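Given next are the chains, with one letter for each unit.
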Amino acid sequence: MLRNILLVALGGAIGSVCRYFLSFMNTSFPWGTFVVNILGSLLIGLLVGLVSKGALSSEMKLLLVTGFCGGFTTFSTFANESFGMMKAGDVLLMALYVGASIVIGILAVWLGMNISNH
């Protein structure tokens, strides 16, 4: 258990630092975030595919998928979960998940900002 936690922590730390370096690309359009989200989605798809083929161990999955991709971007996990629902034929559930995540996420940011201003 401790080994698994350390693998996730190490991957997450490296992913977070990589995201930090790419955040310098932000201008009037958040290119850094956009690039991180797209690269993270590509990477998690590649890694999950390799795991499903048995080409990566469960330890490498913890380090790279849960840790690195989780630290690099949570959007990659969101995209992977959404794709999994679509692949399973749960298109309505996927649409609900995507729509609710975006709308409620934006509302949560708005709410948090309003709470912090009082």
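Every value quoted in this text rests on a predicted model; they were computed, and no experiment measured them.

Cut-off values and rules
Residues numbered from 1 in each chain as written. Predicted model: local features only at pLDDT ≥ 70, side-chain atom pairs only at ≥ 80, totals over all residues. Heavy atoms only, no water. Helix = DSSP H or I, 4+ residues; strand = E, 2+ residues; numbered from the N terminus. Buried < 20%, exposed > 50% of the residue type's maximum accessible area, 1.4 Å probe, protein only. Axes fitted to C-alpha atoms, helices over the stretch in contact; angles between N-to-C directions. Parallel < 35°, antiparallel > 145°, perpendicular 65-115°, else oblique. Left-handed = near helix turned anticlockwise from the far one by under 90°. Contact = heavy atoms within 4.5 Å. Nonpolar A, V, L, I, M, F, W, Y, C, P; charged D, E, K, R; others polar. Polar contact = N/O pair within 3.5 Å; in protein donor to acceptor, adjacent residues only side chain to side chain.

Engineer: In this structure, what is going on with the environment of Leu64? I would like to understand it.
Structural biologist: With respect to the helices and strands, Leu64 occurs in helix α3 (residues 58-72). Leu64 gets classed as partly exposed once you look at its relative accessible area, which sits at 23%. Between the C-alpha atoms of Leu64 and Phe21, which are 43 residues apart in sequence, the distance is 18 Å.

Engineer: Mind showing me how you'd approach the environment of Trp110 here?
Structural biologist: Within the secondary structure layout, Trp110 lies in helix α5 (residues 91-116). Judged by relative accessible area, Trp110 falls into the exposed class, the value being 53%.

Engineer: I tried to follow the packing of helix α4 (residues 75-87) against α5 on my own but got confused; where do I start?
Structural biologist: Two packed helices can be described by the angle between their axes and the distance between those axes. Packing of α4 against α5 brings their axes to within 7 Å, and their N-to-C directions diverge by 155 degrees. By the angle between their axes, α4 is roughly antiparallel relative to α5. For the pair α4 and α5, the sense of crossing is left-handed. Contacts between α4 and α5 pair Phe78, Glu81, Ser82, Met85 and Met86 from the former with Val91, Leu93, Met94, Tyr97, Val98 and Ser101 from the latter. Taken together, the residues of the contact of α4 with α5 sort by class into 8 nonpolar, 2 polar and 1 charged.

Engineer: Explain the side chain of Asn37 to me, please; I cannot follow it from the model alone.
Structural biologist: If you trace the backbone, Asn37 turns up in helix α2 (residues 31-52). One polar contact links Asn37 to Thr73, side chain to side chain, over a distance of 2.7 Å. With sequence-adjacent residues up to four places away left out, Asn37 is seen in contact with Thr73 and Phe75.

All quantities given are derived from atomic positions and should not be read as evidence of function.
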